[in-house]
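# Structural overview
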Amino acid sequence: MLQSESDNRNDVLRIAVLASGRGSNFEALCRGDTAPGIVTLLISDRPEATALKRASDLGVEALYMYPGNYRTRFGLDEEKQWADLMLERGIELVCLAGLMRILKGPLLEAFAGRIMNIHPSLLPSFPGLHSQRQALDYGVKLSGCTVHYVDFRTDTGSVILQRAVPVKDDDTEDSLAARILKQEHIAYSEAVKLHCSGVLEADGRRILRKDK
Ligand code: GAR
């Protein structure tokens, strides 16, 4: 479904993607099957982010928004402005896709249980930055990606789904990252579709499927 076709429909669930850089996961979400969810908005904290160009090319509303005067988190006022704009646009699910900033308050409050992130490791292993390098340095034989709900700490929210890849003896950080990224593009759409279809339920930390 094209975004223009969805604009006046009530049976779709509007998704915003927040990205700081390349935007390949954003594009995978736009091209993947996330029904009844549809990506209608991309916001970046960096005006030069390739994700913004990808959004324009795909006909998705693309906005740069000032994140505040910090390097790795939002200013409180700015985080509220991002949340307010998404609420005004009728956004019901927020997907972080390479957003290099920690959420602290207003966004988590406005979209409690409705923010997802994708991370390039099998959490809880290797949270934070440079996860692929952490995996190589540790010497694991399997790595992968995790889609999880976002809570108030870094990469600790409930896991929705994971996909594993082998770590090969001759892997570099780049070759491992590329193998994981292919799985990220599959995993993210799958997780978003499950959320939007209403088949996920929480049992403590565990996210279960009601349809199984
Ligand atoms: C992806 O590998 C994503 O998992 C990672 O940033 C990359 C963004 O790529 N996210 C994190 O490391 C978050 N902790 P993309 O801009 O091409 O989607």
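Everything below is about the structure shown above.
First, a word on scope: everything that follows refers to the structure included in this document. Given the structure is predicted, the values throughout are model-derived calculations rather than measurements. (Residues numbered from 1 in each chain as written. Predicted model: local features only at pLDDT ≥ 70, side-chain atom pairs only at ≥ 80, totals over all residues. Heavy atoms only, no water.)

## Some points on the environment of Lys141
Selection rule: Helix and strand labels come from DSSP, where a helix needs a run of H or I of at least four residues and a strand needs a run of E of at least two; each type is numbered from the N terminus. Buried, partly exposed and exposed residues are distinguished by accessible area as a fraction of the type maximum, computed with a 1.4 Å probe on protein chains only: under 20%, between the cut-offs, and over 50%, respectively. Contacts are assigned to residue pairs that have any heavy atoms within 4.5 Å of one another.
Position of Lys141 among the secondary structure elements: in the loop between α6 (131–138) and β6 (142–149). A relative accessible area of 59% places Lys141 in the exposed class. Counting along the chain gives 27 residues from Lys141 to Lys168, while the straight-line C-alpha distance between them is 7.2 Å. Beyond its immediate stretch of four places on either side in the chain, Lys141 contacts Val165, Pro166, Val167 and Asp169.

## Digging into the side chain of Glu79
So the rule is basically this: Only four residue types enter the tally: Lys and Arg on the positive side, Asp and Glu on the negative side; His and the chain ends are excluded. Basic side-chain nitrogens of Lys or Arg form a salt bridge, by our definition, when they fall within 4 Å of a carboxyl oxygen of Asp or Glu.
Mapped onto the elements, Glu79 comes out in helix α4 (residues 76–88). Arg73 provides the closest opposite charge to the buried, salt-bridge-free Glu79, at an N-O distance of 7.0 Å.

## Section: the site of the ligand
Under the convention used in this document: The nearness test applies per residue and asks whether one of its heavy atoms lies within 4 Å of the molecule or strand. For this analysis, a polar contact is any N or O atom pair within 3.5 Å, provided that within protein one partner can donate a hydrogen and the other can accept it, and provided that sequence-adjacent residues contribute only side-chain to side-chain pairs. Shrake-Rupley sampling with a 1.4 Å probe provides the accessible areas, and residues are treated as covered by the protein chains on show and by no other component. Amino acids are sorted into nonpolar (Ala, Val, Leu, Ile, Met, Phe, Trp, Tyr, Cys and Pro), charged (Asp, Glu, Lys and Arg) and polar (every other residue, Gly among them).
Around the ligand, the neighbouring residues are Arg22, Gly23, Ser24, Asn25, Gly98, Ile118, His119, Pro120, Leu181 and Glu184. Contact distances for the ligand include 2.8 Å between an oxygen atom and a backbone N or O atom of Gly23. Calculation on the ligand without its partners gives an accessible area of 450 Å², and the protein chains cover 88% of this total. Class assignment of the residues belonging to the shell around the ligand gives a composition of 3 nonpolar, 5 polar and 2 charged.

## A few points about the pairing of strand β9 (residues 206–209)
For a regular strand, side-chain orientation follows a simple rule: the groups alternate between the two sheet faces. We count it as follows: Pairs of strands are assigned from DSSP output, requiring at least two bridges between the strands.
Across 4 bridges, strand β8 (residues 200–203) lies against β9 in antiparallel orientation. Of the residues in β9, the one forming a bridge with Glu201 is Leu208. Between β8 and β9, which pair antiparallel in sequence order, lie 2 residues; one of them, Gly204, sits at a positive phi of approximately 65 degrees.

## Quick look at unusual backbone geometry
Residue Pro36 is bonded to the preceding Ala35 through a cis peptide linkage, with omega at 10 degrees. In this chain, Leu123 is followed by Pro124 through a cis amide linkage whose omega measures 15 degrees. Of note, Pro124 is situated in the loop between β5 (115–119) and α6. With a phi angle near 60 degrees, Phe126 is a residue other than glycine that sits in the positive phi range. Turning to its location among the elements, Phe126 is positioned in the loop between β5 and α6. Exposure remark for Phe126: the relative accessible area of 12% places this residue in the buried category.

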